[in-house]
There are 2 protein chains.
Amino acid sequence: MSKQCKELTLRATAKFLKKRDNFAILTHSSPDGDTLGAAYALYYGLKAMGKKAEVLCPDIIPSKYSYFSFTTDHISGDNLTVVAVDVADSKLLGALGEEFGDRVELCIDHHISNTRYAENLLLDSKASAACEIIYELLVKLKAKINDVTAKALYTGIATDTGCFKYSNVTAKTHMIAAELIKYDIDTAEINRLMFDTKSKNLLQLEKMVLDTAEYHFNDKCILLAVTAEMQEKTGCSGPDLEGIAIISRSVEGVLAGITVKQIGEREFKISLRTFPPLDAVQICGKLGGGGHKAAAGATVEGTLDEVKEKILAAVGENMEKANVWSSADK
Amino acid sequence: MSKQCKELTLRATAKFLKKRDNFAILTHSSPDGDTLGAAYALYYGLKAMGKKAEVLCPDIIPSKYSYFSFTTDHISGDNLTVVAVDVADSKLLGALGEEFGDRVELCIDHHISNTRYAENLLLDSKASAACEIIYELLVKLKAKINDVTAKALYTGIATDTGCFKYSNVTAKTHMIAAELIKYDIDTAEINRLMFDTKSKNLLQLEKMVLDTAEYHFNDKCILLAVTAEMQEKTGCSGPDLEGIAIISRSVEGVLAGITVKQIGEREFKISLRTFPPLDAVQICGKLGGGGHKAAAGATVEGTLDEVKEKILAAVGENMEKANVWSSADK
């Protein structure tokens, strides 16, 4: 988008919100705990300030977030300020994009990759979650934080940090958590729902996937396959399968964890997780994909065996280059 | 033990430590991140104060803690002050019990069940981990905290809170984490090693265990079995199997997660995890076991099928009593 995007400070953003009265707050598609937490916390904060607001989510909200209080005003009219939270790109507005994509007045985000599609942007790429920024904003606004607001904010921060596990956690993250946990919220129950709950069918799928485990390159590589048949049998797909890639990177001594997921008759999506000195983006680049050094992906056509062969060849090449394995060892 | 145990405040404990010069610091047997973190952090703190100390652990330290700096002085002599950390009962001193069990001058602990075997006791049962108390003690002592000390303390707190997931986490826990994370420590890597790493053999065992999954009482109960054969084949036992009980309580809709682990030819250890309104301690009590409302256990003799039948009968009875299932539904 060529239109000018103005970066705001926290103070300027607070001023911006104070001046306006009716808000549409947008989340990104395939909503997660952070975009939902940020949207609802901002909603509750604005309501506490006597303003009107509506939360709009382009997709159905997964049932695991049903502990959020999903009440929202329904407002309409021309005098509406459109705010997007945790939405790095207007494309991520999904079904809301057509109506709102080019009239987002304020975006509050923590993704360094933000495409600056909004008129005004409050961006803090050091924040672990959009909810960290919303917390600071509510404090700056002196908006009353109550138990539901604290629950929403805690959920967002826990979601985006893997419950304080990842490298995006800072001292500030823990300071904010210390404040939120003082409210009457059951963080243990939130975390159980977010991190330690899976469906019977997903457990069944995980078993099937573990049955496919293959080790290569002196056990430095594990390959897991998720076939179309497994997905049909268990009814598990999309976000359900995120945990599989996590399994592939959890095995001691493994430098390359590969998950090959069938997405069409002759089409597979590869998820690759690597540890140094391997480079996932280099490996997936060979197959026309991309990503980050530790996590990358690619979509590859062929039979399962052909796809396996391609990704294993690319991994083996990277291992030889990095001197962690030699084809002479075979 | 009938001898008098004196409860100390943080300040009195600091005074106690300042007055003495040579310390033996004892951990509990089957050492975990909290007892090790507390022992080494206290060791580093005392060293920074110019004192001599030795860390003594009754068992081999698991390799996953090898990122601790396991240097320790070796001291001896009569003029030794014996301190136990995170040790709730002198029985838990294991191999160190005979030499030190009745001469622990100071115990620093957070278990409400502490048996008061030590001469002096610093007990804070609201602390999520012994490492929380050690942190406060080092601050009170004005002992210099450096990167290794921070790493040890963070490890202990992360261990005992499931990485800030459990209900024992308080605002103070997060405040201390905020201070520790300011040091040059890679918390993401610590957490990966502590929570997201398993051996190839354990993954294999988990697959075998998932193969045994049985659902009962309208899917409100899952039963997983770990046979002697599985343990032999994979070489996994004891602490490796803790994760299995976690699986049993992670399935959506399940109120009773049962793990039956073979420990002898005709002997099985049952681990039960329940959600309200079920009561694990009532259920396991019927089989001669005990524990807490949400987590209990029992050791039962018989064949696998006999043991399954016994625990399922006890679970079914509790379910009927709690009106979450009726035998008429069968």
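Quick summary incoming for the structure in this document. Keep in mind it's a predicted model, so treat the numbers as computed, not measured.

### As for the interface of chain B and chain A
In step 1: In this assembly, 38 residues from chain B lie in contact with 38 residues from chain A.
In step 2: Buried area between chain B and chain A, both sides added, is near 3500 Å², and the carbon and sulfur share of it is 64%.
In step 3: Three residues, Lys165, His174 and Lys200 of chain B, lead the burial of chain B against chain A; their summed loss comes to 19% of the area buried on that side.
In step 4: Joining chain B to chain A, the criterion identifies six salt bridges.
In step 5: Here lysine 207 of chain B makes a salt bridge to aspartate 211 of chain A, at a shortest N to O gap of 3.0 Å.
In step 6: Between chain B and chain A we count 13 residue pairs in polar contact (both at pLDDT 80 or more) in total.
In step 7: Among the secondary structure elements, those contributing two or more residues to the side of chain B that touches chain A are helix H6 (171–180), helix H7 (187–195) and helix H8 (200–211) of chain B.

### Observations concerning the side chain of aspartate 89 of chain B
Residues and elements named next belong to chain B.
In step 1: Within the secondary structure, aspartate 89 is located in the loop between strand E4 (81–85) and helix H3 (97–100).
In step 2: Lysine 91 is the oppositely charged side chain nearest to the buried, salt-bridge-free aspartate 89, at an N-O distance of 4.4 Å.
In step 3: In terms of polar contacts, aspartate 89 uses its side chain to reach the backbone amide nitrogen of lysine 91, at 2.9 Å.
In step 4: In this structure aspartate 89 touches Thr115 and Tyr117, once residues within four positions along its chain are discounted.

### A look at the pairing of strand E6 (residues 120–123) of chain B
Residues and elements named next belong to chain B.
In step 1: A two-sided burial pattern is seen for E6, the buried positions comprising Asn120 and Leu122 on one face and Leu121 and Leu123 on the other.
In step 2: Looking at chain direction, strand E5 (residues 106–109) and E6 are connected through four bridges and run parallel. Residue pairing across strands places isoleucine 108 opposite leucine 122, the latter belonging to E6.

### Some points on the packing of helix H8 (residues 200–211) of chain A against H8 of chain B
In step 1: For the pair H8 of chain A and H8 of chain B, interaxial distance at closest approach is 9 Å and the crossing angle is 130°. Considered as vectors, H8 of chain A and H8 of chain B are oriented oblique to each other. Read as a crossing pair, H8 of chain A and H8 of chain B show a hand that is left-handed. Of the residues in H8 of chain B, those in contact with Leu203, Lys207, Leu210 and Asp211 of chain A of H8 of chain A are Leu203, Lys207, Leu210 and Asp211 of chain B.
In step 2: Among the residues forming the contact of H8 of chain A with H8 of chain B, the class breakdown is four nonpolar, no polar and four charged.

### Notes on the sheet that holds strand E7 (residues 214–216) of chain B
Residue and element names in this part refer to chain B.
In step 1: Taken in spatial order, the six strands line up as E7-E8-E9-E10-E12-E11 in an open sheet, and their pairing is mixed. Both edges of this open sheet fall to E7 and strand E11 (290–291), since each of them pairs with a single strand only.
In step 2: Summarising the sheet, strand E8 (residues 221–226) and strand E9 (residues 256–264) pair through six bridges and their orientation is parallel. Residue pairing across strands places cysteine 221 opposite alanine 256, the latter belonging to E9.

### Side note on the pairing of strand E10 (residues 267–274) of chain A
Residue and element names in this part refer to chain A.
In step 1: As paired elements, strand E9 (residues 256–264) and E10 share eight bridges and run antiparallel to each other. Looking at E10, one finds that valine 260 is bridged to isoleucine 270.
In step 2: Connecting the antiparallel pair E9 and E10 is a turn made up of two residues.
In step 3: As defined by bridge partners, E10 adjoins strand E12 (residues 295–301) across seven bridges and the pair is classed as antiparallel.

### Some details on unusual backbone geometry
Residues and elements named next belong to chain A.
In step 1: The step from proline 276 to proline 277 runs through a cis peptide bond, and the omega angle for that step is 10°.
In step 2: Of note, aspartate 86 is a non-glycine position whose phi angle comes to about 65°, a positive value.
In step 3: Tracing the chain through its elements places aspartate 86 in the loop between strand E4 (81–85) and helix H3 (97–100).

### A closer look at the relation of the copies chain B and chain A
In step 1: Note on the copies: chain B fits chain A at an RMSD of 0.1 Å, the axial shift is 0.1 Å, and the rotation between them is 180°. Viewed as a symmetry operation, the transformation between the two copies matches a two-fold axis.
In step 2: A shared interface surface links the copies, since 100% of the contact residues of chain B are contact residues in chain A too.

### Thoughts on the sheet that holds strand E1 (residues 6–7) of chain A
All names here are of chain A.
In step 1: If you trace the six strands from one edge of the open sheet to the other, you get E1-E6-E5-E4-E2-E3, paired in parallel fashion. The open sheet has two edge strands, E1 and strand E3 (52–56), and neither has a second partner.
In step 2: On top of the sheet, helix H4 (residues 130–140) reaches E4, strand E5 (106–109) and strand E6 (120–123); it is set at about 120° to E5, its chief contact.

### A few points about helix H5 (residues 147–161) of chain A
Residue and element names in this part refer to chain A.
In step 1: Compared with the 21 Å implied by 1.5 Å per residue over 15 residues, the 21 Å span of H5 between its first and last C-alpha is a close match.
In step 2: Within H5 the residues assigned to the buried category are Thr149, Ala150, Ala152, Leu153, Tyr154, Thr155, Gly156, Ile157, Ala158, Thr159, Asp160 and Thr161.
In step 3: Close packing links the buried residues of H5 with helix H2 (33–48), H4, helix H6 (171–180) and helix H7 (187–195).
In step 4: Glycine 162 occupies a position one or two residues after H5 and carries a positive phi of about 55°.

### Some thoughts on H6 of chain B
In step 1: Judged by how many residues are buried, H6 of chain B sits mostly within the fold: seven of ten residues are covered.
In step 2: Taken together, the buried positions of H6 of chain B are Ala171, Thr173, His174, Ile176, Ala177, Ala178 and Leu180 of chain B.
In step 3: Buried positions along H6 of chain B lie against H6 of chain A together with helix H4 (130–140) and helix H5 (147–161) of chain B.

### Here's the deal with the environment of tyrosine 215 of chain A
In step 1: Considering the arrangement of structural elements, one finds tyrosine 215 of chain A in strand E7 (residues 214–216).
In step 2: Residue class for tyrosine 215 of chain A comes out partly exposed when judged on its relative accessible area of 23%.
In step 3: Through-space distance from the C-alpha of tyrosine 215 of chain A to that of valine 254 of chain A is 9.0 Å; in sequence the pair is 39 residues apart.
In step 4: Once residues lying within four places of it in the same chain are set aside, the contact partners of tyrosine 215 of chain A are Cys221, Ile222 and Val251 of chain A together with Lys200 and Leu203 of chain B.

### Details of the pattern of salt bridges
For side chains bearing opposite charge, pairing can occur when the charged atoms are close.
All names here are of chain B.
In step 1: The tally for this structure, following the rule as stated, stands at 28 salt bridges over all chains.
In step 2: The salt bridge involving glutamate 189 is made with arginine 192; its shortest N-O contact spans 3.2 Å. On the criterion of helical spacing, the pair formed by glutamate 189 and arginine 192 is a turn pair, its members being three residues apart in helix H7.
In step 3: Residue class for glutamate 189 comes out partly exposed when judged on its relative accessible area of 33%.

### Describing the nonpolar core
In step 1: Formed by 110 residues in total, the largest nonpolar core has its most connected members in Leu42 and Ile108 of chain A together with Leu42 and Ile108 of chain B.
In step 2: Apart from the residues within four sequence positions on either side, isoleucine 108 of chain B is in contact with Leu42, Val83, Ala84, Val85, Asp86, Leu122, Ile133, Ile134 and Leu137 of chain B.
In step 3: Core analysis: the next-biggest nonpolar cluster, separate from the first, contains 32 residues, Met208 and Met230 of chain A together with Leu203 and Met208 of chain B among them.

### Digging into the packing of H4 of chain A against H5 of chain A
Residue and element names in this part refer to chain A.
In step 1: As a packed pair, H4 and H5 sit with axes 8 Å apart at the nearest point and diverge in direction by 145°. Packed against H4, whose contacting residues are Cys131, Glu132, Ile134, Tyr135 and Leu138, the element H5 presents Thr149, Ala152, Leu153, Gly156 and Ile157 at the interface.
In step 2: By residue class, the composition of the contact of H4 with H5 is seven nonpolar, two polar and one charged.

### Describing the packing of aromatic side chains
In step 1: Counted under the stated rule, the structure contains eleven aromatic pairs over all chains.
In step 2: Judged by centre distance (6.1 Å) and plane angle (45°), the ring pair of tyrosine 40 of chain A and tyrosine 44 of chain A falls under tilted. You can see tyrosine 40 of chain A and its partner tyrosine 44 of chain A sitting in helix H2, four residues apart, about one turn around the helix.
In step 3: Aromatic pair phenylalanine 217 of chain A and tryptophan 325 of chain A: ring centres 4.7 Å apart, planes at 70°, arrangement edge-to-face. Placement of phenylalanine 217 of chain A in the loop between E7 and strand E8 (221–226) and of tryptophan 325 of chain A in the segment after helix H12 (304–321) is noted, with a sequence separation of 108 residues between them.
In step 4: Among the aromatic residues, those joined into a ring-pair cluster are Tyr154 and Phe164 of chain A together with Tyr154 and Phe164 of chain B.
In step 5: Note that arginine 20 of chain A overlies the ring of phenylalanine 16 of chain A, its terminal NZ or CZ placed 3.8 Å from the centroid.
In step 6: The positively charged end of lysine 200 of chain A is found above the aromatic ring belonging to tyrosine 215 of chain B, 4.4 Å away from the centroid.

Criteria and cut-off values
- Residues numbered from 1 in each chain as written.
- Chains lettered and ligands numbered in written order.
- Predicted model: local features only at pLDDT ≥ 70, side-chain atom pairs only at ≥ 80, totals over all residues.
- Heavy atoms only, no water.
- Contact = heavy atoms within 4.5 Å.
- Buried area = accessible area lost by both parts, 1.4 Å probe.
- Salt bridge = Lys/Arg side-chain N within 4 Å of Asp/Glu carboxyl O.
- Polar contact = N/O pair within 3.5 Å; in protein donor to acceptor, adjacent residues only side chain to side chain.
- Helix = DSSP H or I, 4+ residues; strand = E, 2+ residues; numbered from the N terminus.
- Buried < 20%, exposed > 50% of the residue type's maximum accessible area, 1.4 Å probe, protein only.
- Lys, Arg positive; Asp, Glu negative; His and termini not counted.
- Pairing = 2+ DSSP bridges.
- Axes fitted to C-alpha atoms, helices over the stretch in contact; angles between N-to-C directions.
- Parallel < 35°, antiparallel > 145°, perpendicular 65-115°, else oblique.
- Left-handed = near helix turned anticlockwise from the far one by under 90°.
- Nonpolar A, V, L, I, M, F, W, Y, C, P; charged D, E, K, R; others polar.
- Least-squares fit on C-alpha atoms with pLDDT ≥ 70 in both.
- Expected span 1.5 Å × (residues − 1).
- Core = buried A, V, L, I, M, F, W, Y, C linked by side-chain atoms within 4.5 Å.
- Phe/Tyr/Trp six-rings, centres within 6.5 Å; stacked < 30°, edge-to-face > 60°.
- Lys NZ or Arg CZ within 6 Å of the ring centre and 35° of its normal.

So, to be careful, I would describe these as geometric facts and stop short of saying anything about function.
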